[in-house]
Amino acid sequence: MNEQQHLETLSDIKRIMERSSRFISLSGLSGVWAGLSGLAGAWIAYNWLNNYYNAWEAHGGYSDADFAGLRIKLILLAAAVVLVALAGGTYFTWRRARRNQLPIWDPTSRKVLVNIAIPLATGAFFILGLIADNQPALIAPSCLVFYGLALVNASKYTLSDIRYLGIAEIVLGILNVFFLRRGLYFWTLGFGVLHIIYGIVMWWKYERTAKAGS
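As the structure is a computational prediction, the values presented were derived from the model and not from experiment.

## Details of the nonpolar core
Here is step 1 of the chain: Core analysis: the biggest nonpolar cluster contains 18 residues, and Leu 144, Leu 151, Leu 165, Leu 172, Trp 187, Phe 191 and Tyr 198 have the highest contact counts within it.
Here is step 2 of the chain: In terms of residues, this core owes the most to one element, helix 7 (residues 183-213), which gives six residues.
Here is step 3 of the chain: Each residue touching Leu 144, except ones within four places of it in the same chain, is listed here: Glu 169, Ile 170, Leu 172, Gly 173, Asn 176, Phe 186, Trp 187, Gly 190 and Phe 191.

## Some remarks on the packing of aromatic side chains
Here is step 1 of the chain: According to the stated counting rule, one finds eight aromatic pairs in the structure shown.
Here is step 2 of the chain: Their ring planes at 35° and their centres at 6.2 Å tell us that Tyr 91 and Trp 94 sit as a pair that is tilted. With Tyr 91 and Trp 94 both in helix 3 (residues 64-99) and three residues apart, the pair spans about one turn of that helix.
Here is step 3 of the chain: By way of ring pairs, the aromatic residues Trp 33, Tyr 91, Phe 92 and Trp 94 are connected into one cluster.
Here is step 4 of the chain: For the cation-ring pair, Lys 73 lies above Trp 48, with the distance from its terminal atom to the ring centre recorded as 4.4 Å.

## Description of unusual backbone geometry
Here is step 1 of the chain: Unlike most non-glycine residues, Asn 134 shows phi in positive territory, near 60°.
Here is step 2 of the chain: Counting through the fold element by element, Asn 134 comes out in the loop between helix 4 (107-132) and helix 5 (139-154).

## Focus on the packing of helix 5 against helix 6 (residues 161-177)
In a packed pair of helices, the relevant descriptors are the angle between the two axes and the axis-to-axis distance.
Here is step 1 of the chain: Contact pair helix 5 / helix 6: the axes reach a minimum separation of 7 Å and the direction vectors enclose 160°. The orientation of helix 5 relative to helix 6 falls into the category roughly antiparallel. For the pair helix 5 and helix 6, the sense of crossing is left-handed. Here Ala 140, Pro 141, Leu 144, Val 145, Tyr 147, Gly 148, Leu 149, Leu 151 and Val 152 of helix 5 lie close against helix 6, whose contacting residues are Ile 162, Arg 163, Leu 165, Gly 166, Ile 167, Glu 169, Ile 170, Leu 172, Gly 173, Ile 174, Asn 176 and Val 177.
Here is step 2 of the chain: Per-class residue counts for the contact of helix 5 with helix 6 are 15 nonpolar, four polar and two charged.

Cut-offs and rules
- Residues numbered from 1 in each chain as written.
- Predicted model: local features only at pLDDT ≥ 70, side-chain atom pairs only at ≥ 80, totals over all residues.
- Heavy atoms only, no water.
- Core = buried A, V, L, I, M, F, W, Y, C linked by side-chain atoms within 4.5 Å.
- Buried < 20%, exposed > 50% of the residue type's maximum accessible area, 1.4 Å probe, protein only.
- Helix = DSSP H or I, 4+ residues; strand = E, 2+ residues; numbered from the N terminus.
- Contact = heavy atoms within 4.5 Å.
- Phe/Tyr/Trp six-rings, centres within 6.5 Å; stacked < 30°, edge-to-face > 60°.
- Lys NZ or Arg CZ within 6 Å of the ring centre and 35° of its normal.
- Axes fitted to C-alpha atoms, helices over the stretch in contact; angles between N-to-C directions.
- Parallel < 35°, antiparallel > 145°, perpendicular 65-115°, else oblique.
- Left-handed = near helix turned anticlockwise from the far one by under 90°.
- Nonpolar A, V, L, I, M, F, W, Y, C, P; charged D, E, K, R; others polar.

Rendered as structure tokens:
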């Protein structure tokens, strides 16, 4: 066995070890889709808030019913954005896994899901508490921080690049605490722009070369 064959064997062993210990089928297009979904949701929320405050100025105030209705609409919008982002992300990840002939549901992907779910579930209950205590200004930074923690927590079972996205989300969330009335802008940057940048980088780094080689 010559040196070239040794190198190829070592590369094969490395790929097998990565597939068994890390979920490597995440698609960069999932990040782009999530970012576009976030931008669309932010644009709708901005228009709702703008209309609400314009009506507030025109009528010299607002009723508790108007504020409660706006809050419910924003919560439902956020849930819809999450569902759309998850649906698109699942599709693009499934498509990449199928192309690479890899399973999308195995012990490693379950570890990724569990490690993401724990911080996200904690954050969800924390945010429900903020809503119940009428602390809306803290919702956006809390979303960013807990989401970032979820990504960092899951990064050890998938592509390590996701750790940097998680750290960036955490930093944005902390910065948002110092600018509480600018939550929508930080939310747009974190869930929209950063996801798109991350998705493009991931696609360029892992999927572009794979397509070129196929």
